[in-house]
Protein chains: 2
Amino acid sequence: MSTPNQEDYLEAIWRLTQEKGYARVSDIAERLHISQASVSKMIRKLKEDGWLDVERYRGLALTEKGMAEGRQLLARHQILERFLLHLDIRENDVVEHDVEGIEHYFSTETLERLTALVAFIDNNPEWWNKFLQKTPPAPKA
Amino acid sequence: MSTPNQEDYLEAIWRLTQEKGYARVSDIAERLHISQASVSKMIRKLKEDGWLDVERYRGLALTEKGMAEGRQLLARHQILERFLLHLDIRENDVVEHDVEGIEHYFSTETLERLTALVAFIDNNPEWWNKFLQKTPPAPKA
Ligand SMILES: [Mn+2]
Ligand SMILES: [Mn+2]
């Protein structure tokens, strides 16, 4: 990920909250591969904008609006990830790189259609296999 | 498009070269919705980096390397556009917005797989119709 933006923060905080019950500045910094100073700066902005509540003793708490947004951002990331896996992109680094790059730029319309496609692929694996069998990905060197 | 980057310039210059035989600063500015001053500044950088040759009397000329890159960038744009049209995104503004946003972030691997998918859809319309018929896009208000 290049410089993470507000969406990356909210997604990471939501992930940490789900996984550990709380999100600390140090966890966020580790997850986003940036300095704790950068995280603290963005945290102030997220509080000002109503995404985060006052700090609790174990870490940061998303507001209602912050949780709704975090949930949606994580769902978006996961749909794109599943789509790339269905395309048979096999290297995790490549999937991660592409999803982190493209996820911020999709309209609601396109995301809805991609969500429908991923669900249709999941429910109709033989249908999707017709594509996969005809166009196998190039073998890795 | 937000601030166009180097890839957007090379794509636009290649498009203009294909359409009109040449690209002028004024055409590029119009195409990218920015000032001629911004274009002139980027043009200098593109020349320094070997993408553009000296100015000819009618406009700018891409170098060999610039043409190869422009051709590839336009192909990438068009593949993504065709994929979104296949998903049944019907508003041109939405397609344009999404493609302009996401196109800079795809790995070669993912683009190759998307290219294969778009070709497979083109060659197997009844196959793809199974998805479209089961999951029609929401009607517009
Ligand atoms: Mn993400
Ligand atoms: Mn483009």
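Small disclaimer: the values here were computed from a predicted structure and weren't measured.

J.: Got a minute to help me understand the coordination of the manganese ion (ligand 1) in this structure?
T.: Octahedral metals with six donors have ideal donor angles of 90 or 180 degrees. Tetrahedral metals with four donors have an ideal donor angle of 109.5 degrees. Residues and elements named next belong to chain A. Within the protein, E11 (OE), E11 (OE), H77 (ND1), E100 (OE), E103 (OE) and E103 (OE) serve as the donor atoms for the manganese ion (ligand 1), at 2.3 to 2.8 Å. Relative to the metal, the six donor atoms surrounding the manganese ion (ligand 1) lie at angles of 48 to 153 degrees, and the coordination shape comes out irregular. In primary-sequence terms, the residues that donate to the manganese ion (ligand 1) follow E-x65-H-x22-E-x2-E. Of this pair, H77 sits in helix α4 (residues 64–86) while E100 sits in helix α5 (residues 92–102); the two residues are 23 residues apart in sequence, bridging distant segments of the chain. Here H77 falls in the buried class, since its relative accessible area comes to 1%.

J.: How should I be thinking about helix α7 (residues 125–134) of chain B in this particular structure?
T.: The periodicity of an α-helix, 3.6 residues per turn, causes residues three or four places apart in sequence to face the same way. Residues of α7 of chain B that are buried: W127, W128, F131 and L132 of chain B. For α7 of chain B, the arc enclosing every buried residue in end-on projection is 140 degrees, short of the 170-degree limit, so these residues lie on one face. Along α7 of chain B, exposed side chains directed more than 90 degrees from the buried face belong to E126, Q133 and K134 of chain B. Summarising the contacts, the buried residues of α7 of chain B are in contact with α6 (108–123) and α7 (125–134) of chain A together with α4 (64–86) and α6 (108–123) of chain B.

J.: Can you help me understand the coordination of the manganese ion (ligand 2) in this one?
T.: At the metal site, the manganese ion (ligand 2) is ligated by E11 of chain B (OE), E11 of chain B (OE), H77 of chain B (ND1), E100 of chain B (OE), E103 of chain B (OE) and E103 of chain B (OE), and these contacts range over 2.3 to 2.8 Å. Coordination at the manganese ion (ligand 2) comes from six donor atoms whose angles at the metal span 49 to 152 degrees, giving a geometry best classed as irregular.

J.: What should I look at first to understand the domain arrangement of chain A in this one?
T.: How big an interface is tends to be stated in terms of accessible area lost as the parts join. All names here are of chain A. If you check the domain split of chain A, you get domain 1 (6–67) and domain 2 (77–134). When each unit is reduced to the centre of its C-alpha atoms, the spacing between domain 1 and domain 2 is 27 Å. Counting residues at the interface gives four residues for domain 1, matched by four residues for domain 2. Contact between domain 1 and domain 2 buries roughly 340 Å² in total, counting both sides, with carbon and sulfur atoms accounting for 25%. In terms of surface lost to domain 2, no three residues of domain 1 exceed E7, D8 and E11, which account for 78% of the buried area on that side. Joining domain 1 to domain 2, the criterion identifies zero salt bridges. Across the domain 1-domain 2 interface, the total number found is four residue pairs in polar contact (both at pLDDT 80 or more). Of the residues contributing to the side of domain 1 that touches domain 2, the split by class is no nonpolar, no polar and four charged.

The rules behind each value
- Residues numbered from 1 in each chain as written.
- Chains lettered and ligands numbered in written order.
- Predicted model: local features only at pLDDT ≥ 70, side-chain atom pairs only at ≥ 80, totals over all residues.
- Heavy atoms only, no water.
- Donors = N, O, S within 2.8 Å, 3.2 Å for Na, K, Ca; no water.
- Tetrahedral: all angles 85-135°; square planar, octahedral: opposite > 155°, others 65-115°.
- Helix = DSSP H or I, 4+ residues; strand = E, 2+ residues; numbered from the N terminus.
- Buried < 20%, exposed > 50% of the residue type's maximum accessible area, 1.4 Å probe, protein only.
- Arc of directions from axis to C-beta.
- Contact = heavy atoms within 4.5 Å.
- Domains from an automatic or database assignment.
- Buried area = accessible area lost by both parts, 1.4 Å probe.
- Salt bridge = Lys/Arg side-chain N within 4 Å of Asp/Glu carboxyl O.
- Polar contact = N/O pair within 3.5 Å; in protein donor to acceptor, adjacent residues only side chain to side chain.
- Nonpolar A, V, L, I, M, F, W, Y, C, P; charged D, E, K, R; others polar.

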